[in-house]
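Chain by chain, the residues run as shown.
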Amino acid sequence: MAAPRMADAACFPTAKGAGDAVDEHKLSDAAEALDVSSRQNVDVRAAISRKLSQRAALTSVCLDGIGLGSRAPSDIKEVVAVLLHRCKKLKTIELRKNALGVAGVDAVVKAIMEAECTPTDARLRHLSLHSNKIGGGGSGGGSALLPLLLADATKHRVALHTLQLSLNNIDTTTISEMKMGFTTSTTIAVVDFAKNKLDDSGAYVIAEILRKNRSLFALLLSTNQIGDDGGSAIAAAAATHGRIAKLDFSYNSRITNATVAAVATAVENGSSSSKRNLVRVDTTVTSSSGGG
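Only a predicted model underlies this, so the values are computations on that prediction, with no experimental measurement involved.

Observations regarding unusual backbone geometry
Then, number 1: In this structure, K195 takes a positive phi of about 60° despite not being glycine.
Then, number 2: Relative to the helices and strands, K195 resides in the loop between β6 (190–192) and α6 (200–212).
Then, number 3: Although it is not a glycine, Y251 adopts a positive phi angle of roughly 65°.
Then, number 4: Positionally, Y251 belongs in the loop between β8 (246–248) and α8 (257–270).
Then, number 5: Accessibility expressed as a relative area gives 7% for Y251, which makes it buried.

With respect to the pairing of strand β5 (residues 158–164)
Then, number 1: Burial within β5 is extensive, with 7 of its 7 residues counted as buried.
Then, number 2: Relative to β5, strand β4 (residues 124–128) is paired through 4 bridges, and the arrangement is parallel. Bridged to L124 within β5 is V158.
Then, number 3: As defined by bridge partners, β5 adjoins β6 across 3 bridges and the pair is classed as parallel. Bridge pairing links Q164 to D192 in β6.
Then, number 4: With helix α5 (residues 172–184) bridging β5 and its parallel neighbour β6, the resulting β-α-β unit is right-handed.

Looking at the pairing of β4
Then, number 1: Most of β4 sits inside the fold, with 5 of its 5 residues counted as buried.
Then, number 2: The pairing of strand β3 (residues 92–94) with β4 spans 3 bridges and is parallel. Residue pairing for β4: T92 is matched across the bridge by H126.

Concerning helix α3 (residues 101–114)
Then, number 1: Taking 1.5 Å as the rise per residue, α3 with 14 residues should run 20 Å; its terminal C-alpha atoms sit 20 Å apart, in good agreement.
Then, number 2: In terms of burial, α3 is a largely internal element, 10 of the 14 residues being buried.
Then, number 3: Within α3 the residues assigned to the buried category are G101, G104, V105, D106, A107, V108, V109, A111, I112 and M113.
Then, number 4: Against α2 (73–86), β4, α4 (146–151) and β5 lie the buried residues of α3.

Things to note about the environment of T173
Then, number 1: By secondary structure assignment, the location of T173 is in helix α5.
Then, number 2: Its relative accessible area of 33% is what places T173 among the partly exposed residues.
Then, number 3: In this structure, the C-alpha to C-alpha distance between T173 and G135, residues 38 residues apart in sequence, is 8.4 Å.

Things to note about the pattern of salt bridges
Then, number 1: Under the criterion given, the structure shown has 5 salt bridges.
Then, number 2: We note a salt bridge from D64 to R96, for which the minimum N-O separation is 2.8 Å. Remark: R96 occurs in the loop between β3 and α3 and D64 occurs in the loop between β2 (60–62) and α2; sequence separation between them is 32 residues. As far as the burial class goes, D64 and R96 line up, both buried.
Then, number 3: Put simply, D64, E94 and R96 are held in one network by salt bridges that share partners.

How each quantity is defined
- Sequence order as written defines residue numbering, which begins from 1 separately in each chain.
- Reporting of local features is limited, given that this is a predicted model, to residues whose pLDDT is at least 70; pairs of side-chain atoms are given and counted only at 80 or more, and all residues count toward the totals for whole chains, interfaces and linings.
- As a convention, hydrogens and water are excluded, and side-chain values are obtained from all of the structure's heavy atoms.
- Each helix is a run of H or I in the DSSP string that is no shorter than four residues. Each strand is a run of E no shorter than two, and both are numbered from the N terminus.
- Each residue is assigned to one of three classes by its accessible area relative to the maximum for its type, calculated with a 1.4 Å probe on protein chains only: buried under 20%, partly exposed between the two thresholds, exposed over 50%.
- Two strands qualify as a pair provided DSSP detects at least 2 bridges between them.
- If the strands point away from the viewer and the path from the first strand over the helix to the second runs clockwise, then the crossover is right-handed.
- Expected helix span is given by 1.5 Å per residue-to-residue step, counting one fewer step than there are residues.
- In this analysis, two residues are considered to be in contact whenever any of their non-hydrogen atoms come within 4.5 Å of each other.
- Definition used for salt bridges: Asp or Glu carboxyl oxygen within 4 Å of a side-chain nitrogen of Lys or Arg.

What follows is the structure, encoded as structure tokens:
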């Protein structure tokens, strides 16, 4: 089975069958999307103004690989603040491959948390932070504000449904620091943890999250270092969750077929969407062929 290319996808996956939590959106809709990806040092404010002058109601903005990480945190915060101020219908922000680091991500989160919100404003639903050096990678020091954004989502102009955190050096320490946010969030449904440094210890933390969070629908955990113990812990938590319909363990070569079967059974028996059993595993592949 081929590994999913979530980290490089053009847009987020939609959790089909997730009921009211699903928010269909089309990044390909030119009238609603602004894509300035890979344009180094682009003037985001000017790009937004040009788009809005076309009477566009922007719902999604793609700022992948534009070098935001080279800017001061205050500048990064201003970019996101401008987006939220000018684009009242904005639901999706994509910031992949910007090397934001912890300070840059905290600047993004601070802008979101401080944004004014009126009853008619759309709430941010999808946030991609793929490949931004968020995790501590064993040294701690992960984002301090990201968990607060998840935990206090309903208090701000955000109701995160999908969060992409792939390829970010996230390990047990980092996921432990984020646990509070995930366990208390009532909106998060899809989380992409692919291509990180999660091992069995990290999997235990994820299992604890599953036991306390009831909004999660899909967890993408491909290309990590999770083994049978961690996989079994997640399977046990998924079995009593009642909502999980997708657990992607592909390219975790330490997981054996016995655990694969347990995970599949847990999702099928424990999910109200059992007819959509989407567990993806591959125990024969030892490394990912996907690019970063």
